[in-house]
Amino acid sequence: MRCMQRTAECGWLMYASDLAGLSGTVPVEADSHFLIQPCSSASQLGTYRRLRRDIFVREQGLFAGSDHDDVDDDPRAVVLVATASDGSVLGGVRLAPCTSTDLGWWAGSRLVVSSAARTSGVGPALVRAACAHAESHGVLRFDATVQKQNETLFTRLGWVRRADLDVHGAPHVTMYWPIDRIERLVSSTKAMLAGVLAPLRAQPLGLGARGFRGDDGVPVPGSDIIAACDAILPSMVDRDPEWAGWCAALVNLNDLSAMGARAVGMLDSVGAPTQSRLTRIVRGLANASQAWQVPVLGGHTQVGVPSSLSVTALGSTLHPVRAGGASAGDVLTLTADLEGNWRRGYRGQQWDSSSRRNSEELTQMASFVARTAPRAAKDVSMAGLVGTTGMLAEASGTGAVLDVASIPKPDAASMGEWVTCFPGFAMITADRPDAITAPSGPAVSARCGQLTDIPGVALRWPDGITTSAVTSTVTGLGEA
């Protein structure tokens, strides 16, 4: 691993006398007005590197001759610089991916502050800016190697200690910045479900038969029918009516697919303030109906009301696949359509591959779970891959670990975006290690983790370290 080879060489190496100023114990003597932004010129970059050489080579003696390394030659590396009102460079820091293929694992390094700005707050501001830059670019793990005397400072800034390390004879500490992007998504989309749905569980078969609670769809008692229902956010219906109509079919048909059911029809409930918007919504739904060859059998249509859209899909199978049918030790496989791109206006949130597929391709993907017949399956929903994996694990009474390097993703999406977005067509399945996965048409299948006996979802990185993505259950509904 390139990062493991270089981490000991590229920690947050800070000038020791800056510590007092950064921790707030020395009054500000210099002008504290400065701007932090990505390095914008060769002149700024040159000044930043001269500052590094003056401190790390000449003053601290941590390097002989030069502190230049492979990160400086990585075109993906980002240098953030702090500049004064006159444009002079007060300090800088760099951050870059830790692996040749960007997995969302980055490290910060070579943090330096000029002698004129060591009591002005530039150092902590650069650290915070680096953390913000990493998170805003889909990074899921952000590491640093810090000189031992600066551990307290980084702890105060929210960093967490991992281990001691010796760098060129000087004591250092490996630390990480806790990124809770996935936990926040799960909390905002699914965490309230158990409490909100509690009244429905009081009735016989409330929330479905035992074994199917919390599933994508539900078997209709006394039949081979599977029913699924989803609503589209009103703001999305207003913003992009045709896409909303298409997605209303997509999400419901995916739910049926995840249970191994063959779709036989849909019902819709549509409302809009104007006939024009109503027509656009129905047009999108009709296009999806034609593409998947699944008719809209009926429903409810209303004009002169706020926008609303929900669809119920009906499917058929004698052997429904449960989300909660797996056990600890089962292997997780992600099957996803990686072609396409971000839907315009929804970058980082909604991936669109289905709108460019023909009926044969859509049908092939829709039948994937039925042909594979895994022990458990779930359609990747708005909770993202990690959150959906957490729901499958919760329903199965297990936890899960995902191997980040094994997760298939499109080149146009960062790992952080991909595991938290709605990916169009994507199924997470769990099965015995020796089970065979059926062909998935234009989609790609890859083993990417396993179920464990530890609650929550962890991410396992190429260096063997695991980080927590979901600390406990996702919905609170418990084992299905």
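Each remark here, short or long, concerns the structure printed above.
Cut-off values and rules
- Residues numbered from 1 in each chain as written.
- Predicted model: local features only at pLDDT ≥ 70, side-chain atom pairs only at ≥ 80, totals over all residues.
- Heavy atoms only, no water.
- Helix = DSSP H or I, 4+ residues; strand = E, 2+ residues; numbered from the N terminus.
- Buried < 20%, exposed > 50% of the residue type's maximum accessible area, 1.4 Å probe, protein only.
- Contact = heavy atoms within 4.5 Å.
- Pairing = 2+ DSSP bridges.
- Arc of directions from axis to C-beta.
- Axes fitted to C-alpha atoms, helices over the stretch in contact; angles between N-to-C directions.
- Parallel < 35°, antiparallel > 145°, perpendicular 65-115°, else oblique.
- Left-handed = near helix turned anticlockwise from the far one by under 90°.
- Salt bridge = Lys/Arg side-chain N within 4 Å of Asp/Glu carboxyl O.

Visitor: Explain the overall build of the protein here, please?
Guide: Tallying secondary structure elements over the protein gives 14 helices and 21 strands in all. Seen through its principal axes, the protein has C-alpha atoms that stretch 80 × 50 × 40 Å. With 480 residues in all, the protein has 52% of them scored as buried. Taking the intrachain contacts of the protein between residues at least 6 apart in sequence as the baseline, contacts between residues at least 24 apart amount to 75%.

Visitor: So what exactly am I meant to see when it comes to the pairing of strand E18 (residues 426–431) here?
Guide: Here is the key point about a regular strand: its side chains alternate between the two faces of the sheet. The element E18 is largely enclosed, with a buried count of six among its six residues. In this sheet, E18 lies alongside strand E13 (residues 331–336) in antiparallel orientation, the contact comprising six bridges. Note on E18: the bridge partner recorded for leucine 334 is isoleucine 428. Bridge count between strand E16 (residues 376–379) and E18: four bridges; the pairing is antiparallel. Bridging from a neighbouring strand, aspartate 379 pairs with methionine 427 of E18.

Visitor: Would you mind showing me how to read helix H6 (residues 181–189) here?
Guide: Each α-helix turn comprises 3.6 residues. Residues three or four places apart therefore point the same way. Buried within H6 are the following residues: Ile182, Leu185 and Val186. Considered in projection along H6, the buried side chains sweep an arc of 95° and stay on one side of the axis. Taken together, the buried residues of H6 touch helix H13 (384–396), strand E20 (457–460) and strand E21 (466–470).

Visitor: I tried to follow the sheet that holds E16 on my own but got confused; where do I start?
Guide: Hydrogen bonds along the backbone pair up the strands of a sheet, which may run parallel or antiparallel. Reading across from one edge, E16-E18-E13-E19-E17-E20-E21 is the order of the seven strands in this open sheet, with mixed pairing throughout. The open sheet terminates on both sides in strands that have one partner only, identified here as E16 and E21. Between one strand axis and the next, the sheet turns by 30° as a mean value, whatever way the strands run. Where strand E17 (residues 399–403) and E20 come together, four bridges link them in parallel fashion. Of the residues in E20, the one forming a bridge with alanine 400 is valine 457. Strands E20 and E21 of the sheet are contacted by H6, whose axis makes an angle of about 20° with E21.

Visitor: Before we go on, may I ask you to explain the packing of helix H9 (residues 241–258) against helix H10 (residues 275–292) in this structure?
Guide: A pair of packed helices is captured by two measures, namely the crossing angle of their axes and the spacing between those axes. Axis separation between H9 and H10 bottoms out at 6 Å; the angle between their running directions is 40°. One element, H9, and the other, H10, form an angle in the oblique class. The two elements H9 and H10 meet at a crossing, and its hand is right-handed. In this structure, H9 contributes Pro241, Glu242, Gly245, Trp246, Ala249, Leu250 and Leu253 to the contact, and H10 contributes Arg277, Arg280, Ile281, Arg283, Gly284, Leu285, Asn287, Ala288, Ala291 and Trp292.

Visitor: Would you mind going over the pattern of salt bridges with me for this structure?
Guide: A pair can form between side chains of opposite charge whenever their charged atoms are brought close. Here the structure, examined in full by the defined rule, presents 30 salt bridges. The salt bridge partner of glutamate 135 is arginine 184, with a shortest N-O separation of 3.9 Å. Residue glutamate 135 is found in helix H4 (residues 122–136), and its partner arginine 184 is found in helix H6; the two are separated by 49 residues along the sequence. Salt-bridge contacts for lysine 148 lead to glutamate 151; the nearest nitrogen and oxygen are separated by 3.0 Å. For lysine 148, a relative accessible area of 35% gives the class partly exposed. Of the residues examined, glutamate 151 reaches a relative accessible area of 14% and is grouped as buried.

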